[in-house]
Each structure stands twice: as C-alpha cells, then as structure tokens.
Amino acid sequence: MEAVARLVIGSKNPVKIEAVRSGFTALFPDSSCVTEGAAVSSGVSDQPMNEEETLRGAENRAAASQKALPDADFWFGIEGGIAEINNELSVFAWIVAISKSGITGRGRTATFFLPPPVSALVKQGIELGDADDRIYGTNNSKQNVGAAGLLSNNVITRTTLYQPAVIMSLFPFKNPKLYESNPNL
C-alpha cells in the first residue's frame, strides 16, 4: 500500500467521509490517507427500498466519483437502504470500493429495525433522515448520528455503523492474492 492514499467518496456527507477515513486507517495502519467527497448521483431513489437498489446506488456512487475525480487510489460509494421484512422496515447500507487497478470490493453493514412511528413515515414516502428528524425533533440527522445514533443514544452512530462495512469492502485490497481470479493459488 502506498504511503499516502487518496480516497474519493461519492458524497459530501461528512459521516460517509469519516467512515471511509476511519475504516481505511484501521485496516491499513501503516498508511495514511487523504479523503475528498464528490457530489455525485446515486442513480437510484432518494430512499432505496430493497437490497438490489441499495447496492446499485453504492456501485453507481463509486463509479461516478471515479469519473468526477479520476486522480485517486480508491473510490467509494456508500448507500443506505431499507427493506421490508415481515411488515417491518430494516435499515442497512452497502459500501463499494474501487481501486485504481480496477478491482472492486463490497461490504454491507449490520441491520436494525425501525420503530413503528418512523416506519409509518417512511412507508408514506418520506426519506429516513427526514422521518427521524420529525420523530426525534432533530435537524439533518443523516449528516450526524443517523437513525442508529438516535436509537442507541450514540452508542452506535451512522459513522460507526458504516466503518466495519468499509473495512470489509477493502478485504480484496488487504488480501489481493485471495481475490485474484486464479483458483489454483
């Protein structure tokens, strides 16, 4: 790994930028990095409502950030999503990392379920962050602690929820020989 890696995140959201920075430095402690957000489109709904759409949004953000700022070592897309399971809404995010050599890594966060008052607003078409702000009386929680922070009293914030998935998206870069297409290592 290079001494200083340039990381571009397909969002200007400080939560996503910090999650990438902290995940990268945790997995590569001997490397330093500089991070930059790129305001790019996910190409999916503002509130993705299933696994496939959420993953596609993360992939689109990573690819769009690569096009927007091509002079980097890694490009990341992070997309939060919701999926209905047994009439309850579950929350998660997908993280996609692309290296300058073209290798792609993916990671997914843990899942938690929304309380009924928040779920009701989301089912009406309100984005999760806006629903949280209404229920909890907060402002712009999606660029702060997020639903996880509000529900856990900041024991798990949106940043700390994303960090392990960022690390998992980087597994192919930490263990490149295991992820090569040669099955006869």
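See above for the structure.
The following refers to the structure shown. (Residues numbered from 1 in each chain as written. Predicted model: local features only at pLDDT ≥ 70, side-chain atom pairs only at ≥ 80, totals over all residues. Heavy atoms only, no water.)

## A closer look at the pattern of salt bridges
No. 1: In the structure shown here, the tally under the stated rule is seven salt bridges.
No. 2: The closest approach of N and O atoms between glutamate 18 and arginine 21, which form a salt bridge, is 2.6 Å. Taken together, the positions of glutamate 18 and arginine 21, both in helix 1 (residues 14–27) and three residues apart, correspond to about one turn of that helix.
No. 3: Note on arginine 21: relative accessible area 33%, which makes it partly exposed.
No. 4: Notably, a salt bridge pairs arginine 61 with glutamate 79, separated by 2.5 Å at the nearest N-O pair. (Salt bridge = Lys/Arg side-chain N within 4 Å of Asp/Glu carboxyl O. Helix = DSSP H or I, 4+ residues; strand = E, 2+ residues; numbered from the N terminus. Buried < 20%, exposed > 50% of the residue type's maximum accessible area, 1.4 Å probe, protein only.)

## A look at the environment of isoleucine 135
No. 1: Within the secondary structure, isoleucine 135 sits in helix 4 (residues 128–136).
No. 2: On the accessibility criterion, isoleucine 135 (38% relative accessible area) is partly exposed.
No. 3: Each C-alpha atom, one on isoleucine 135 and one on valine 118, is 6.7 Å from the other, the two residues being 17 residues apart in sequence.
No. 4: Leaving out residues up to four positions away in the same chain, isoleucine 135 has contacts with Pro117, Val118 and Leu121. (Contact = heavy atoms within 4.5 Å.)

## Quick notes on the pairing of strand 2 (residues 32–37)
No. 1: Pairing analysis gives six bridges linking strand 1 (residues 4–9) to strand 2, with the strands arranged parallel. Looking at strand 2, one finds that valine 4 is bridged to serine 32.
No. 2: Regarding the hand of the β-α-β motif, the stretch spanning strand 1, helix 1 and strand 2 is right-handed. (Pairing = 2+ DSSP bridges. Right-handed = clockwise from strand over helix to strand, strands pointing away.)

## Regarding the pairing of strand 3 (residues 74–85)
Successive residues of a regular strand alternate their side chains across the two faces of the sheet.
No. 1: Counting buried positions along strand 3 gives 10 out of 12 residues, so the element sits mostly inside the fold.
No. 2: Direction of pairing for strand 1 relative to strand 3: parallel, over a ladder of three bridges. Residue pairing in the sheet places isoleucine 9 in a bridge with phenylalanine 76 of strand 3.
No. 3: Counting the residues between successive antiparallel strands, the hairpin from strand 3 to strand 4 (residues 88–99) contains two residues, one of them, asparagine 86, with a positive phi of roughly 50°.

Purely geometric numbers; function is a separate question.
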